[in-house]
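Spelled out, the chains give:
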Amino acid sequence: EKGGHDYFMLKEIAEQPQAIADTLLGRLSERGEIVLDEVRLTDQDLRDVDKIFIVACGTSYHAGMVAKYAIEHWVRIPCEVELASEFRYRDPILDRSTLVVAISQSGESMDTLMALRHAKEQKARVLAICNTNGSTIPRESDAVLYTHGGPEIAVASTKAFLTQLVACYLIGLHLAQIRGVMYADEVAAVVEKLQQTPDSLRTLLGRMEEVRELARDLKTASTVLFIGRHVGYPVALEGALKLKELAYMHAEGFAAGELKHGPIALIDEGTPVVCVVPSPAGRGVMRDKVVSNIQEVRARGARTIVIAEEGDEDVRAFADHLIPVPATPTLLAPLMTTVPLQVLACEIAAARGHDVDQPRNLAKSVTVE
Ligand code: F6R
């Protein structure tokens with residue numbers, strides 16, 4: 001049942017290329033337009049949206065953080081991401097022209113459900129991104145876009161996360177198109193890049209042996225830090241979350257630029273720091289900034305584990321371990337850069353002798369607030 005893998009988690013990591021392909025399937029019309037047929041909001045409803053809130057928990061919240069970058073860049077409407085458990089207590093300003101996107105793998109997280117109910121009471125439109133057909137969150141939403149990840153058995157979310165990213169990209173592109181901020185051919189160009197990601201991911205998954213070796217090395221570390229910028233920041237948070245929940249190790253993710261405002265004091269001789277480097281193409285400035293952040297931590301003794309686009313040879317000089325990932329446009333890069341971090345956490349947990357699929361104190365769906 002684990003398809004030859006030691007854990008469900010490894011099986012689900014391996015299924016990610018297919019999960020992405022399945023989530024993309026049938027969603028591009030012959031005219032190059034995105035079709036979101038399960039979305040029961042009219043195009044006019046979506047044109048009237050003037051603000052977007054994304055609410056979610058845990059890993060799904062990290063998908064929402066990535067979505068914010070993509071949606072604001074493509075759609076040009078303000079988009080906020082909020083932890084579902086905090087949303088309603090803050091009395092957010094919501095009305096008919098607010099779109100609230102609730103992201104949930106299980107469709108049963110109570111925090112997300114309560115945030116959604118609050119949004120509906122305030123007359124906001126609610127769109128769910130969900131992996132579980134007929135679960136409570138999509139049932140109570142005005143519209144739903146299902147991720148076709150297939151059942152996720154391991155408690156730690158992997159393939160659901162990548163398919164949530166895909167769903168968020170599709171929603172962003174769809175909104176951009178119907179609001180006239182992107183032309184069909186521009187949308188089609190991004191979709192084409194999305195369609196290439198399953199193959200790139202297969203290549204990447206074929207090269208995880210080094211990550212496994214690294215995991216055996218890191219299993220005794222007392223803390224592991226993760227840094228990233230732009231969409232690499234939520235990836236850093238996700239890498240740290242995976243390590244906490246599976247390996248029961250102290251791990252923290254930071255926005256690379258925040259290091260010098262405090263966390264850099266944590267760096268000691270040999271502290272492992274995982275650095276998610278943006279692509280040198282497009283926004284080279286951002287990449288250069290992260291490279292100088294890597295130099296800063298290294299100068300203070302950090303052991304650097306660098307995730308960078310293949311061919312980015314300049315980073316090699318600052319990397320104690322280099323994990324190259326296939327080239328992908330900046331906004332789509334989390335579909336690649338997250339994967340070595342999933343494998344790393346899984347392998348460190350296994351090396352420490354933990355039950356990877358059933359970490360202590362955790363449940364697959366959290367139905368209490
Ligand atoms: C992390 C993890 C959790 C869930 C969170 C939300 O690996 O699995 O952080 O992401 O509990 O769950 P859903 O998406 O089902 O609402």
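Chains are numbered independently. Their residues run from 1 in the order of the written sequence. Thresholds applied to this predicted model are a pLDDT of at least 70 for local features of residues and 80 or more for the giving and counting of side-chain atom pairs; totals over whole chains, interfaces and linings are not thresholded and use all residues. With hydrogens and water excluded, all non-hydrogen atoms of the structure serve as input to the side-chain values.

Enquirer: What exactly am I supposed to notice about the site of the ligand here?
Expert: The full set close to the ligand counts 13 residues, and S60, S104, S106, S109 and E245 are the nearest of them. Counted as a polar contact is a pair of N or O atoms within 3.5 Å, where, for protein atoms, one must be capable of donating a hydrogen and the other of accepting one, and residues adjacent in sequence contribute only when both atoms are in side chains. Here an oxygen atom of the ligand sits 2.6 Å away from a polar atom, N or O, in the side chain of S60. Contacts to the ligand include K242, whose side-chain N or O atom sits 2.8 Å from an oxygen atom. The protein chains shown are the only cover counted for residues, whose accessible areas, like all others here, come from Shrake-Rupley with a 1.4 Å probe. Here the ligand loses 89% of its free accessible area of 400 Å² to cover by the protein chains. Structurally, the ligand is housed in the largest pocket. A molecule or strand has a residue near it when one of that residue's heavy atoms lies within 4 Å. Grid spacing is 1 Å over the protein atoms alone, the probe is 1.4 Å, and a cavity is where that probe fits but cannot get out, while a pocket is an open set with protein on both sides within 12 Å along at least five of seven lines and lining residues have an atom within 4 Å of a point. In this scheme, a molecule is assigned to a cavity or pocket if more than half of its atoms are within 2 Å of the grid points.

Enquirer: In this structure, what is going on with the layout of surface pockets? I would like to understand it.
Expert: Any empty space left between atoms is shown by rolling a water-sized probe over those atoms. Grid points are joined across faces, edges and corners, and a volume is the space filled by probe spheres set on the points. The space that makes up the largest pocket amounts to roughly 540 Å³. Elements represented by at least two residues in the lining of the largest pocket include exactly α4 (58–75), β3 (98–104), α6 (110–121) and α11 (232–247). Under this grouping Gly is polar, as are all residues other than the nonpolar Ala, Val, Leu, Ile, Met, Phe, Trp, Tyr, Cys and Pro and the charged Asp, Glu, Lys and Arg. Grouping the amino acids of the lining of the largest pocket by side-chain chemistry returns eight nonpolar, ten polar and four charged. Helix numbering and strand numbering both begin at the N terminus, where a helix is a DSSP run of H or I of at least 4 residues and a strand a DSSP run of E of at least 2.

Enquirer: So what exactly am I meant to see when it comes to empty space enclosed by the protein here?
Expert: Taken as a whole, this structure holds two cavities of 30 Å³ or more when the rule is applied. When its volume is computed, the largest cavity comes out at roughly 140 Å³. If you go around the largest cavity, you meet 19 residues; those closest to its centre are V277, P278, S279, A333 and T337. At the level of secondary structure, the elements contributing two or more residues to the lining of the largest cavity comprise β9 (303–309) and α13 (334–351). Sorting elements by how many residues they give to the lining of the largest cavity places α13 first, with three residues. Of the residues that constitute the lining of the largest cavity, the class distribution is eleven nonpolar, six polar and two charged. Approximately 30 Å³ is the volume attributed to the second largest cavity. Forming the walls of the second largest cavity are L36, V39, L46, L127, I171, H174 and L175. Considering every element that reaches the lining of the second largest cavity, the biggest residue donor is helix α8 (residues 159–178), with three residues. In terms of residue class, the lining of the second largest cavity is made up of six nonpolar, one polar and no charged.

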